[in-house]
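# Breakdown of the fold
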Amino acid sequence: MDLDSLRSARIAGTGRYLPEKRLTNQDVEKMVDTNDEWIRQRTGIMERRIAAPEQATSDLAHEAARIAIADAGLEPKDIDQIIVATVTADTVFPSTACRLQFSLGCREIPAFDLGAACSGFIYALAIARTGIAAGSFDNVLVIGAETLSRIVDYEDRGTCILFGDGAGAAVLSVAGDGEPGIIDTHFAADGSGADLMILPGGGSRIPASHEMVNQRLQYIRMEGRSVYRQAISKIVMLVEESLKRCHLTRDDIDLIIPHQMNARIIQSAADRLNIPMEKLFVNIDRYGNTSAATIPIAIDEAKREGRLKKGDLVCLVTFGGGMTWASALLRW
Ligand code: COA
């Protein structure tokens with residue numbers, strides 16, 4: 001293959017949408033046997049956002065996407081492909097991406113959902129990048145959007161403290177000659193850990209039934225301790241290997257945007273990497289874990305807070321259900 005003919009991709013616009021309703025630790029205390037101090041110490045979370053009853057995932061995604069498209073200086077008709085990373089699609093089918101194609105007023109373009117749990121946004125970014133590199137698309141709308149409150153068991157204190165709702169979006173466009181952009185992406189999976197974090201019911205294995213609902217199988221089940229340990233080592237490995245592939249060192253990194261799963265996981269990974277916490281972006285205190293949405297929400301916040309400057313080396317890194325993991329290295 002003629003590598004010179006491959007085109008680079010850059011993030012041309014970003015947007016985020018967080019529902020207005022806040023679920024604080026004090027609110028959670030009223031639902032399960034827990035307390036604010038335990039949640040803050042063990043996770044760093046203080047509150048999460050909860051979608052209004054009439055809002056589905058595509059509604060959250062729509063708001064974030066609208067902002068991202070305008071931020072890129074584009075209009076919906078300029079978008080060539082839509083990828084929505086989510087585990088909480090509006091419906092099993094049609095896809096959330098198809099709803100968006102219509103609600104945004106895009107042309108008749110490829111639109112599909114991607115299921116890689118918390119790694120979904122970086123998976124989508126990696127796929128979008130290849131479409132741009134090959135010359136198939138010029139502008140790809142990449143979204144991470146979740147309404148996890150619909151699949152969280154508010155009787156299970158091991159999980160309900162963690163998750164929230166939200167959406168983030170990015171428009172990936174062709175980078176001109178010498179323009180900064182995405183320089184490395186990596187994504188992988190290991191299905192041997194599939195049952196560690198799972199929504200057991202409602203799929204083809206255990207279809208919806210009264211029995212399924214009686215057993216509360218329509219909600220997330222998780223082995224928190226095991227996920228916790230694996231997450232730290234995978235995040236460390238992803239950052240180190242990404243730097244190695246690009247012949248860079250940890251000193252070159254200006255900002256790491258990690259998946260917001262637990263502030264202690266982020267802190268431990270930073271310690272093991274020997275990178276100061278000032279170089280890691282953390283907003284889990286306000287939103288909890290919004291799965292595929294955490295990375296694009298954080299990118300948009302970091303950008304609008306002035307924490308991303310032109311030429312900065314930024315590392316996106318995530319680990320989640322599947323198990324799946326992914327990283328991206330980019331010049332801002
Ligand atoms: N409030 C108070 N006590 C709680 C509690 C809560 N919400 N949840 C669990 N506990 C208790 C446990 O019952 C246990 O009590 P015991 O020692 O009497 O048995 C004790 O706290 C320790 O439980 P443990 O599960 O070991 O806690 P932890 O420090 O691992 O924290 C998580 C639990 C879920 C916060 C943590 O494991 C975690 O964040 N894991 C990663 C999950 C994740 O990020 N998933 C998404 C990945 S994309």
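Residues numbered from 1 in each chain as written. Predicted model: local features only at pLDDT ≥ 70, side-chain atom pairs only at ≥ 80, totals over all residues. Heavy atoms only, no water.

### Things to note about the site of the ligand
Taken together, 22 residues form the shell around the ligand, and within it Thr34, Arg42, Cys118, Arg225 and Asn262 come nearest. Here a nitrogen atom of the ligand and a backbone polar atom of glycine 224 are 3.0 Å apart. Contact with the protein chains removes 74% of the 960 Å² of surface that the ligand exposes when unbound. The pocket occupied by the ligand, as judged from atoms lying within 2 Å of grid points, is the second largest pocket. (Near = heavy atom within 4 Å. Polar contact = N/O pair within 3.5 Å; in protein donor to acceptor, adjacent residues only side chain to side chain. Areas by Shrake-Rupley, 256 points an atom, 1.4 Å probe, with all protein chains shown as cover. 1 Å grid on protein atoms, 1.4 Å probe; cavity = no way out; pocket = protein on both sides within 12 Å on 5 of 7 lines; lining within 4 Å. Sits in = over half its atoms within 2 Å of the grid points.)

### Examining the sheet that holds strand β4 (residues 81-85)
Taken in spatial order, the 5 strands make up an open sheet running β1-β7-β6-β4-β5, and their pairing is mixed. Single-partner strands in this sheet number two, and they are β1 (9-17) and β5 (111-114). Pairwise comparison of adjacent strand axes, ignoring direction, gives a mean angle of 20 degrees for this sheet. Bridge analysis of β1 against strand β7 (residues 165-174) gives 8 bridges, and the strand direction is antiparallel. By the bridge assignment, threonine 14 is partnered in β7 with alanine 170. In the packing of helix α3 (residues 57-71) onto the sheet, contacts are made with β1, β6 (139-147) and β7, and the angle to β1 comes to roughly 130 degrees. Sheet strands in contact with helix α10 (residues 294-304) are β1, β6 and β7, and its direction is about 95 degrees off that of β1. (Pairing = 2+ DSSP bridges. Helix = DSSP H or I, 4+ residues; strand = E, 2+ residues; numbered from the N terminus. Axes fitted to C-alpha atoms, helices over the stretch in contact; angles between N-to-C directions. Contact = heavy atoms within 4.5 Å.)

### Remarks on the pairing of strand β3 (residues 47-50)
Of the two faces of β3, the one holding Glu47 and Arg49 and the one holding Arg48 and Ile50 are both buried throughout. The sheet contact formed by strand β2 (residues 21-24) and β3 spans 4 bridges and is antiparallel. Bridge pairing in β3 links threonine 24 to glutamate 47. (Buried < 20%, exposed > 50% of the residue type's maximum accessible area, 1.4 Å probe, protein only.)

Any functional reading would require information beyond the geometric quantities listed.
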